[in-house]
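Coordinate inspection notes
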Amino acid sequence: MAAESGARAWLGGGSPRAGSPASSPDLGRGGRARSEPGPGPGPGSGAGPGSGPERAGARWPGAAALGHSFRKVMLTKPTFCHLCSDFIWGLAGFLCDACNFMSHEKCVRQVKTPCTSVAPSLVRVPVAHCFGPRGLYKRKFCGVCRRSLEAPALRCEVCELHVHPACVPFACSDCRQCHRDGHRDHDMHQHHWREGNLPSAARCEVCRKACGSSEVLSGLRCEWCGVQVHTACSSALAPECTFGQLRSLVLPPACVRLLSRSFSKPQLFRISERACPEPDKQALRIFDGSDAVHRNRFLVVSVPRPARSEEVLEAALRAYHLTEDPRGFELQALPWPPQAGCAGAAGKAESGRTPEEEGGRGPRAREAAPEAWVIRALPRTQDVLKIYPAWLKVGVAYVSIRVTPESSARSVVQEVLPLLGRQAEGPESFQLEEVLMGSRQVQRTVLAEEEPVLDRLRDIRQTSLRQMSQTRFYVAERKAEVPRVSLFVGGLPPGLSLQEYGSLLDEAVATKAELVTLSHVYSSQGAVVLEVACFAEAERLYMLVRDTAVHGRLLTALVLPDVLHAKLPPDCCPLLVFVNPKSGGLKGRDLLCSFRKLLNPHQVFELTNGGPLPGLHVFAQLPRFRVLVCGGDGTVGWVLAALEEMRHQLACPEPAVAILPLGTGNDLGRVLRWGPGYSGEDPLAVLVSVDEADAVLVDRWTILLDAQEADLEPPKIVQMSNYCGIGIDAELSLDFHQAREEEPSKFTSRFHNKGVYVRVGLQRMSQARGLHKEIRLQVEQQEVELPSIEGLIFINIPSWGSGADLWGSDSDSRFEKPRMDDGLLEVVGVTGVMHMGQVQGGLRSGIRIAQGAYFRVTLLKATPVQVDGEPWVQAPGHMIISAVGPKVHMLRKAKQKPKKAGTPKDARAEEGPAPEVGPKERRR
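Per-chain numbering applies: the sequence of each chain, read as written, is numbered from 1 onward. pLDDT decides what is reported in this predicted model: residues at 70 or higher carry local features, side-chain atom pairs at 80 or more are listed and counted, and totals for whole chains, interfaces and linings draw on all residues regardless. Hydrogens and water molecules were not included; the side-chain quantities draw on all heavy atoms of the structure.

1. Overview of the pairing of strand S41 (residues 825-830)
Most of S41 sits inside the fold, with 6 of its 6 residues counted as buried. Partly exposed describes any residue whose relative accessible area lies between the buried limit of under 20% and the exposed limit of over 50%, with all areas from a 1.4 Å probe on protein chains only and scaled to the type maximum. Per the convention used, a helix needs a DSSP run of H or I reaching at least four residues, while a strand needs a run of E reaching at least two, with both numbered from the N terminus. Where burial is concerned, the two faces of S41 agree: the one with Leu-825, Val-827 and Gly-829 and the one with Glu-826, Val-828 and Val-830 are both buried. At least two DSSP bridges between two strands are required for those strands to pair. Relative to S41, strand S40 (residues 791-795) is paired through 5 bridges, and the arrangement is antiparallel. Of the residues in S41, the one forming a bridge with Ile-793 is Val-828. Where S41 and strand S42 (residues 847-852) come together, 5 bridges link them in antiparallel fashion. Note that in S42 the partner of Val-828 across the bridge is Arg-848.

2. Description of the environment of Leu-643
Here Leu-643 is to be found in helix H14 (residues 633-646). Looking at Leu-643, the relative accessible area reads 7%, which means it is buried. C-alpha of Leu-643 to C-alpha of Val-888: the two residues are 245 residues apart in sequence and 9.3 Å apart in space. Contacts are residue-level and defined by heavy atoms, with any inter-residue pair within 4.5 Å sufficient. Beyond its immediate stretch of four places on either side in the chain, Leu-643 contacts Leu-616, Leu-650, Pro-655 and Val-657.

3. Observations concerning the pairing of strand S23 (residues 485-490)
The buried fraction of S23 is high, at 6 of 6 residues. Across the two faces of S23 the burial is the same, with Val-485, Leu-487 and Val-489 and Ser-486, Phe-488 and Gly-490 all buried. Judged from the 5 bridges that link them, S23 and strand S25 (residues 527-532) form a sheet pairing that is antiparallel. Bridge pairing in S25 places Leu-487 opposite Leu-530. The pairing of S23 with strand S28 (residues 556-560) spans 5 bridges and is antiparallel.

4. Here's the deal with the sheet that holds strand S37 (residues 723-727)
A sheet is described by the order of its strands in space; here 6 strands give the open sequence S42-S41-S40-S37-S44-S45, paired in antiparallel fashion. A single partner strand is all that each edge strand has here, and the edge strands are S42 and strand S45 (870-874). The average undirected angle you get between the axes of adjacent strands in this sheet is 20 degrees. By the bridge criterion, 5 bridges tie S37 to S40 in an arrangement that is antiparallel. The residue of S40 that forms the bridge with Gly-725 is Ile-793. The axes used here are C-alpha line fits, helices contributing only the stretch in contact, and every angle between their N-to-C directions lies in the interval 0 to 180 degrees.

Right under this line is the structure:
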């Protein structure tokens, strides 16, 4: 029995890429498997026998340890080196047949990037990718075939991998590991390298020279700390990753536990699941096993018509990124179309004749040549198997052993333990696991002790040769691990008890009492959290809940991780990010993707998918954290209201909140120096500003709405941070809101939204209601006589209507100077649309009416009302406004260097003073 130690995982951080990135322009018409608008996918391009640039010489022996197979090729177009990104002068370069890596002759010996053929074996911890919808990515390169992405392509929502749609099956599972799965732990967090697609201004951290390229995929970037280096310089860096600039904001993966064997990556991260051959070539449809035949998924390989059978087989193996000895495989003919079902199709393929024997070389023979072939592995009497240790305190990545027909899972474990230095421990404490590293999902299976391993390998190859190359075997400690999946269920009727929610779910989705427990109940929000002790049951409930409606309302289902608060580093204050993708046009969706890449995806939540509650539940046990809200004033109020409601259930009851303004007005964001609106700034710079921001206090107000006819409209309570408008101000907001609801696709820019506000204002300019005759106002229990006005506005911050100063800066002995934390509201009146326009233009101020901490407004008729930009028509009755509950902790952006010219309106909005809280509060 021969055994040998495998190579250490590439730089300790997993394969830096899934396959290999894009190639030079002159190789863009290679002859490996090509895309075909047919029933099956295939890699977008490649290089095969008899095609591409003219080849000369034998295979280059260099870089063999990394799986490359370099050949000297004659160049016909301008070409760049994939290692140093410099132009290749002369007529010759060195090309890897398997992954299209192009290099200078002088650079071949320095190549450190693994070939596509061996990249899966170097992945330290296999993690599937999370590909989003197709999009156009200019000047980006594919991570598998190394070619530019000229057509719509796919991008992983969690890491920087870009691929052609046809290359997805060949992308190895080397995505960022963002949580513990209960299977392996880590001594330290290492760099997670991704090759290429760097910014044009990228500089190497080691040599400080440019390391990005717009011509080829070159250079490396750590997906956690963001450090960028040349491939050749990467070995000069320490393997441990410190998370870079955002170390205090990132939720470390070691602090997150999520058992994920039954769920895909989009489900875990709560992401909404949203060429003809050339005339002188012969096109063959190639299947890689019975599963591909059954699913009718093939690759189209173009080879010269007089190609020998050995050349066809080599081209077919290269198309599936298989670099094993071709003598261990054969091509079997299939009739076209293939029979449905694996057994039937495989039975038809037993002729065993080669393409040359079937098709011959004459014209008639070529017409009779079969179009479909399946690659089959020849029977083996023994095989070499790589076994990976499922723990990290071992000096090798894997060991290789020889398996025979007598080898079982138990005997393999017995043989491997001494090679890993664990001979003192009994084999009964370990098990053999099979891990399929699919590009979209990683699946684990425990092999039975008596299962013949050689038969298992034969079955896998029979099913799919590509699957065999993506399958890895682990020796793992046998643990009595109890499956535990947290499932958030929202959209239930509010106000029920624990027993009532249990009965309702049992009736709707038939929950199994012995496997499912209601661990948390959020009655006021109509949500519960289920603890499920079975992977299969958790998967069933997840799919069933998403298709179930209760009282006409569709339920929400989310898989939530467990945050291990005891493992949180003392200098870490993670950032909980909420993004409203409906705000700011398409900017919200782009920010979701950016923040998932810059931070841990488990700390980024989409508000349209369950609201703020799931994120607050996940962070409930953390002793300290901060919040970033990406949206308009209404979104900020939504999150602040949820925080107030959850305050007593949070270990950090008063986390500081930062704002990335995406709405139209964004008045609170202006006051806190976050600007009038997001306009495409670097998301990394935004996060750095959040980390450096100062904590301030802001009043929160409660508004009780009590209609006279309680039967028609029951009392309700709303929270306010910015302002509350009654009359013409709310009427314009309501008109705008209704216009946006009718045609939401038109309201994608801040400029257009303000234009609609102007238009509806002009339409209301000639109308007069006499609001002072329709309402009554009491301040601190005293009646206040109202002047002739059309709008009454209660303001808490010195910014209204997109940055206007409604109160004004003039001193007045009757009132105190307004502050955001003084426990007082200012009451201002406007005489109409013209007056409002003059205020927004900085020509006038509002009519100062009162200042106080308790107000009672009596509405004599139905009147438009808006709170923080959310409008509605309120029935006749009473409105009581009071300061109830603690002040909220907000983050105010640190002052920037003064500019030569500023905007007076925004400057006035920032003048509202607010005391900074103590140093101990800054990290909340």
